[in-house]
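Listed here are the chains, written in short residue letters.
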Amino acid sequence: PQLARSPCALVAMTRVRNESLILGDTLDHIGHFADAIVAYDDASDDRTLEILRSHSKVAFIIRNSEWLPGIPERLEAETRHRGLLLSLIRDRFAADWCFCFDADERYVGDISAYIRQAQTTDIDGVRIQLFDAYMTPDDHLPYHHDRPLLNFRRMFGPERRDILMLWRNRPSVHFTGLDRREPCGVHRTVTQFHCQHYGKAISEAQWESTCDYYVNHFPEDPYGRKWRARKGHAIHLTSDFGRPLCAWGPHLFDSAVPIG
């Protein structure tokens, strides 16, 4: 017989690989507003799986035992893994909302309060404004796991991506296609909250590793060419798009340039 599904206001989902440096802080951060977390561990060979298993908010883990490095596999995995997590949420939880996050993101805003207020609205999903953090000549020491990642860097690029991260758990929502962060089937959206993205700002070593990852495992156009040119340029005076960096706050938000 099917197990009774746990009622939850919000269940968060993530796919991770070798994120042990920041994962503990990530799960604590998400745990402030999520009732439960489900994760896909993509064949990590560090302490990622151990950290997932030990966190009180992580309810289920899908573990992949073999990491496939080919370009077709990487493009397909980005979407398929998130689809599996969404199916898991529907099987195991009676969740009102789903939230899709990456380990290197930190969110600013009262998501819990919004979820409570949104019960009486007709909004289907929320796009969150994401800004890239950058290492600069006077702020490039590597991140250490014993401190919060939120506000770790001072400067951010003005480029803003409005990413659909939060949506009502409805049958019409699904993941399809290649290399998809966002689900399909979410129609009425608003833009709320801000996100500090640290994919380019953990350390100089991780910057080089990120460049190599996209060069070696993703198509040359648009990924390989762009990230090959970025190798050796972890420290920034301007953003990767040539615009002045801004401190986190109102000036950054007022100067934002929507992209993507």
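Residues numbered from 1 in each chain as written. Predicted model: local features only at pLDDT ≥ 70, side-chain atom pairs only at ≥ 80, totals over all residues. Heavy atoms only, no water.

Chemist: Please clarify how the side chain of Glu-78 should be interpreted in this entry.
Modeler: Take Glu-78: it is sitting in helix 3 (residues 71-92). The exposure class of Glu-78 is buried, given its relative accessible area of 12%. For Glu-78, the contacting residues outside a window of four places in its chain are Arg-15, Asp-179, Arg-180, Tyr-213 and Phe-218. (Helix = DSSP H or I, 4+ residues; strand = E, 2+ residues; numbered from the N terminus. Buried < 20%, exposed > 50% of the residue type's maximum accessible area, 1.4 Å probe, protein only. Contact = heavy atoms within 4.5 Å.)

Chemist: I tried to follow unusual backbone geometry on my own but got confused; where do I start?
Modeler: Glycine aside, residues mostly have negative phi angles, and peptide bonds mostly take the trans form. Following Asp-221, the chain continues to Pro-222 via a peptide bond in cis, the omega torsion being 15°. The residue Ala-43 is not glycine, and still its phi comes out positive at about 60°. Within the fold, Ala-43 resides in the loop between strand 2 (36-42) and helix 2 (48-54). Given a relative accessible area of 13%, Ala-43 falls into the buried group. At Phe-193, a position not held by glycine, the phi torsion is positive, near 70°. Inspection of the secondary structure puts Phe-193 in strand 8 (residues 189-197). Residue class for Phe-193 comes out buried when judged on its relative accessible area of 12%.

Chemist: Could you clarify how one ought to interpret the packing of aromatic side chains in this entry?
Modeler: The relation between two aromatic rings is expressed through the spacing of the ring centres and the mutual angle of the planes. Using the criterion set out here, one finds 20 aromatic pairs in the structure. Pairing Trp-207 with Trp-227 gives two aromatic rings, centres 6.0 Å apart and planes at 55°, and the pair type is tilted. Of this pair, Trp-207 sits in helix 5 (residues 204-217) while Trp-227 sits in helix 6 (residues 220-230), placing them 20 residues apart in sequence. One exposure class covers both Trp-207 and Trp-227, and it is buried. (Phe/Tyr/Trp six-rings, centres within 6.5 Å; stacked < 30°, edge-to-face > 60°.)

Chemist: Is there a simple way to think about the pattern of salt bridges in this case?
Modeler: Two side chains with opposite charge may pair up if their charged atoms get near one another. Overall, the coordinates contain 25 salt bridges when judged by the stated rule. Notably, a salt bridge pairs Arg-181 with Asp-102, separated by 3.2 Å at the nearest N-O pair. Placement of the pair is Arg-181 in the loop between strand 7 (155-168) and strand 8 and Asp-102 in the loop between strand 4 (93-100) and strand 5 (105-108), with a sequence separation of 79 residues. Here Arg-181 and Asp-102 have matching classes, each one buried. Among the ionic pairs, Glu-105 bridges to Arg-181, the shortest N-O distance being 2.8 Å. With Glu-105 in strand 5 and Arg-181 in the loop between strand 7 and strand 8, this residue pair connects regions lying 76 residues apart in the sequence. Taken individually, Glu-105 and Arg-181 each receive the classification buried, so the pair is uniform in this respect. Among the ionic contacts, a cluster of salt bridges with common partners joins Arg-15, Asp-42, Arg-74, Glu-78, Arg-82, Asp-102, Glu-105 and Arg-181. (Salt bridge = Lys/Arg side-chain N within 4 Å of Asp/Glu carboxyl O.)

Chemist: Sorry, what's going on with the environment of Gln-192 here?
Modeler: The residue Gln-192 is located in strand 8 in this model. Look at Gln-192 and you get partly exposed, because its relative accessible area is 32%. In sequence terms Gln-192 and Glu-66 are 126 residues apart; their C-alpha atoms lie 37 Å from each other. Here Gln-192 is in contact with Tyr-114, Val-126, Arg-127, Ile-128 and Gln-129, once residues within four sequence places are set aside.

Chemist: Could you clarify how one ought to interpret the pairing of strand 6 (residues 125-134) in this entry?
Modeler: Looking along a regular strand, one sees side chains alternate from face to face of the sheet. The buried count for strand 6 comes to nine of ten residues, which makes it a mostly enclosed element. Where strand 6 lies against strand 8, seven bridges are found, and the strand directions are parallel. Paired with Val-126 across the strands is Val-190, a residue of strand 8. (Pairing = 2+ DSSP bridges.)

Chemist: Help me out: how do you make sense of helix 5 in this one?
Modeler: Given 3.6 residues to a turn, an α-helix orients residues that are three or four positions apart in the same direction. In this model helix 5 runs 20 Å from its N-terminal to its C-terminal C-alpha over 14 residues, within 8% of the 20 Å that 1.5 Å per residue would give. Restricting attention to buried positions, one finds in helix 5 the residues Trp-207, Thr-210, Cys-211, Val-215 and His-217. (Expected span 1.5 Å × (residues − 1).)

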